[in-house]
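Report on the structure
Letter by letter, the chains look like this.
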Amino acid sequence: MAAITLIDDDENIVASVSLALESHGHTVKAFYDGVSGLEAVEASPPDLVILDVKMPRMDGMEVLRRLRQTTEIPVIMLTSKDDEIDEILGFNLGADDYMHKPFSQRLLLERVKAVLRRARPEDDPIGADPAGAAGSKVMKRGKLTLDPARHDSLWDGKPVRLTVTEFLLLQALAQRPGFVKSRDNLMDAAYDDQVYVDDRTIDSHIKRMRKKFRQVDPEFDSIETLYGVGYRYREA
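All of the points below concern the structure found in this document. (Residues numbered from 1 in each chain as written. Predicted model: local features only at pLDDT ≥ 70, side-chain atom pairs only at ≥ 80, totals over all residues. Heavy atoms only, no water.)

1. As for the sheet that holds strand 1 (residues 3-7)
- Across the sheet, which stays open at both edges, the 5 strands sit in the order 2-1-3-4-5 with parallel pairing between neighbours. Edge positions in the open sheet fall to strand 2 (27-31) and strand 5 (97-100), since each of these has one partner strand only. For this sheet, the mean inter-axis angle between neighbouring strands, taken without regard to orientation, is 20 degrees.
- Bridge count for strand 4 (residues 75-79) against strand 5 is 4 bridges, and the pairing is parallel. Looking at the pairing, methionine 77 lines up with tyrosine 98 of strand 5.
- Running at roughly 165 degrees to strand 2, helix 1 (residues 11-23) makes contact with strand 1, strand 2 and strand 3 (48-52) of the sheet.
- Along the sheet, helix 5 (residues 105-119) makes contact with strand 1, strand 3, strand 4 and strand 5, crossing strand 5 at roughly 175 degrees. (Pairing = 2+ DSSP bridges. Helix = DSSP H or I, 4+ residues; strand = E, 2+ residues; numbered from the N terminus. Axes fitted to C-alpha atoms, helices over the stretch in contact; angles between N-to-C directions. Contact = heavy atoms within 4.5 Å.)

Next up, the structure:
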């Protein structure tokens, strides 16, 4: 199924989560601190990282920050604190999903399945229908080129690295330039029905996406905010 790296200093969680994932066909490599976990991911990138926030030697936020300097591997963050500031920070750093401890193994498995499906749409049987086929075609909107099959994003011919969630949000916006997408519309495009995220999560992803494009083109302004309504893509 998928190669998953689990980084958490709680031995009980590592044991139970590993067992649940392996029973569903995934292979799991577990690490108990941020430094060794980061080194392992960089040496042999997995399909997905499940990452605790509070850990010795290097916390999860720093691990995520360093990962996002070189890779867009999907990351699910775990935290024992019900702290929305941590959650927003995690999304701002490029996390794809977030779960609060304690959580049910069933819910975690659903989140893992959803993130992997978004990351590998070619593996989803839904992709065989006409709508899925249309969604896999290369899309060009002015300076923007999106290739879903390769997960490539180009701006004026220059690559822009996007996470899975960012790519899906941009794809949803760029499909119909000039048309407004509400935050609910964008949630539906980027997340499964079982996953709830609030408005600020979408705003965090959009903010991070704009920053990436402005690193390539300081004049980038193709994602417009309509306050109280949502976002729209303006073709450059």
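2. What about the pattern of salt bridges?
- The full count for this structure, using the stated rule, is 17 salt bridges.
- Between aspartate 33 and arginine 57 there is a salt bridge, and its shortest N-O distance comes to 3.2 Å. Here aspartate 33 is found in the loop between strand 2 and helix 2 (34-43), whereas its partner arginine 57 is found in the loop between strand 3 and helix 3 (60-67), with 24 residues between them in sequence.
- Taking the relative accessible area as the measure of exposure, aspartate 33 reaches 12% and is therefore buried.
- Two residues, glutamate 110 and lysine 113, come together in a salt bridge whose shortest N-O distance is 3.5 Å. Pair noted here: glutamate 110 and lysine 113 are both in helix 5, with a separation of 3 residues, about one helical turn.
- Using a relative accessible area of 43% as the deciding quantity, one classes lysine 113 as partly exposed.
- Salt bridges sharing partners connect three or more residues here, namely Arg68, Glu72, Asp96, Arg161, Glu166, Arg208 and Lys212. (Salt bridge = Lys/Arg side-chain N within 4 Å of Asp/Glu carboxyl O. Buried < 20%, exposed > 50% of the residue type's maximum accessible area, 1.4 Å probe, protein only.)

3. Let's talk about the side chain of histidine 26
- Its place among the elements puts histidine 26 in the loop between helix 1 and strand 2.
- For histidine 26, the side chain forms a polar contact with the main-chain nitrogen of alanine 2, separated by 3.3 Å.
- Sequence-distant contacts of histidine 26, that is, excluding residues within four places in its chain, are made with Met1, Ala2, Ile4, Leu21, Val112 and Leu116. (Polar contact = N/O pair within 3.5 Å; in protein donor to acceptor, adjacent residues only side chain to side chain.)

4. Description of the environment of valine 138
- Among the structural elements, valine 138 can be located in the loop between helix 6 (130-135) and strand 6 (139-141).
- We classify valine 138 as partly exposed; its relative accessible area is 47%.
- In sequence terms valine 138 and arginine 150 are 12 residues apart; their C-alpha atoms lie 9.4 Å from each other.

5. Considerations on the sheet that holds strand 10 (residues 180-181)
- Strand order in the open sheet formed by 3 strands is 10-12-11, with antiparallel pairing between adjacent strands. Only two strands of the sheet have a single neighbouring strand rather than two, namely strand 10 and strand 11 (223-226).
- Helix 7 (residues 164-174) rests against strand 10, strand 11 and strand 12 (230-233) of the sheet, and its axis sits at about 70 degrees to strand 12.

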